[in-house]
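Residue-level structure breakdown
So you can see what is in the structure, the chains are spelled out below.
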Amino acid sequence: VYASPVALSPRAKGILFAQLNAFAGGTMMAAGKEVTAVLEPQRFIALMYMIVVPVNTAWWLLTHYGVIAKAHADDEAHHLPMTGRGVAWLLGHTLASVVGIIGLWEGLALADSAVGSLMSRIEVVVAIILGMLFLSERFIRAHWFGFGLTVAGMVIVRWTSLSGDA
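So, a few notes on the structure that sits alongside this text. Per chain, the residues get numbers from 1 upward, laid out in the order the sequence is written. At least 70 in pLDDT is required for a residue's local features to be given in this predicted model, at least 80 for side-chain atom pairs to be given and counted, and no such filter applies to totals for whole chains, interfaces and linings, which use all residues. Side-chain figures throughout are based on the complete set of non-hydrogen atoms in the structure, without hydrogens or water.

**Section: the overall build of the chain**
Each helix is a run of H or I in the DSSP string that is no shorter than four residues. Each strand is a run of E no shorter than two, and both are numbered from the N terminus. From N to C terminus, the chain includes 6 helices and 0 strands. Taken from N to C terminus, the helices and strands of the chain fall in the order α-α-α-α-α-α. Three labels apply to residues, based on accessible area from a 1.4 Å probe with only protein chains included: buried if under 20% of the type maximum, exposed if over 50%, partly exposed otherwise in between. Burial status across the chain gives 16% buried among its 166 residues. Summarising the internal contacts of the chain: among those between residues at least 6 apart in sequence, 66% fall at separations of at least 24. The Shrake-Rupley method, run with a 1.4 Å probe, gives the accessible areas here. Residue values count only the displayed protein chains as cover. Per element, the accessible surface of the chain, about 12300 Å² overall, is 71% carbon and sulfur. Residue contacts are defined here by distance: any two heavy atoms, one from each residue, within 4.5 Å place the two residues in contact.

This is the structure in structure tokens:
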């Protein structure tokens, strides 16, 4: 039985989780920058995932067995069959995650946390483009305006970082 503690639409819950991710991600960037000052990024990544994997596994087990409520209904839409297509998406996601995590922490060890974290968010642009190409996602005019501001901000930060002003 699925019971939601707060009556929010799936889209509203998605936005709320994205905002939680943004807050946690920003905190992670600042804290991680300090950690990479005393640990090389490879060791930091290994130690971080030695903690993250068991915690995420426990969370999945608790939601899977109904100990805590899931954020979404458990329906067929949330189950990708592990056929050729499902395995390909999983392997692509895993490879992109590994490359992304290494790039993030190696880059953050060398750049300011503000500049490094903002530049790593080029992932937003990539996610939007791939979502439109492969997932049939569409934007309304206001989304395109926000997208343009995001890209402009990244260009400005990148340009000033290269010129030595930041």
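On we go.
**Examining the nonpolar core**
Side-chain atoms within 4.5 Å are what join buried Ala, Val, Leu, Ile, Met, Phe, Trp, Tyr and Cys residues into a set we call a nonpolar core. Membership of the largest hydrophobic core is limited to 9 residues, which are Met29, Leu39, Phe44, Ile45, Met48, Ile101, Leu104, Trp105 and Leu108. Considering every element that reaches this core, the biggest residue donor is helix H3 (residues 84-110), with 4 residues.

**A word on helix H1 (residues 10-35)**
If you check H1, its first and last C-alpha atoms are 36 Å apart, about what 26 residues at 1.5 Å a residue would give, namely 38 Å. Along H1, the residues classified as buried are Lys13, Gly25, Met29 and Gly32. Where H1 is buried, its residues meet helix H2 (41-64), H3 and helix H4 (113-120). Distance and chemistry together define a polar contact, namely a pair of N or O atoms within 3.5 Å, with one atom able to donate a hydrogen and the other to accept it when in protein, and with adjacent residues in sequence counting only for side-chain atoms on both sides. Between a side-chain oxygen at the N-terminus of H1 and the backbone nitrogen of Ala12 the separation is 3.0 Å; the capping residue is Ser9. Expected helix span is computed as 1.5 Å times (number of residues minus one).

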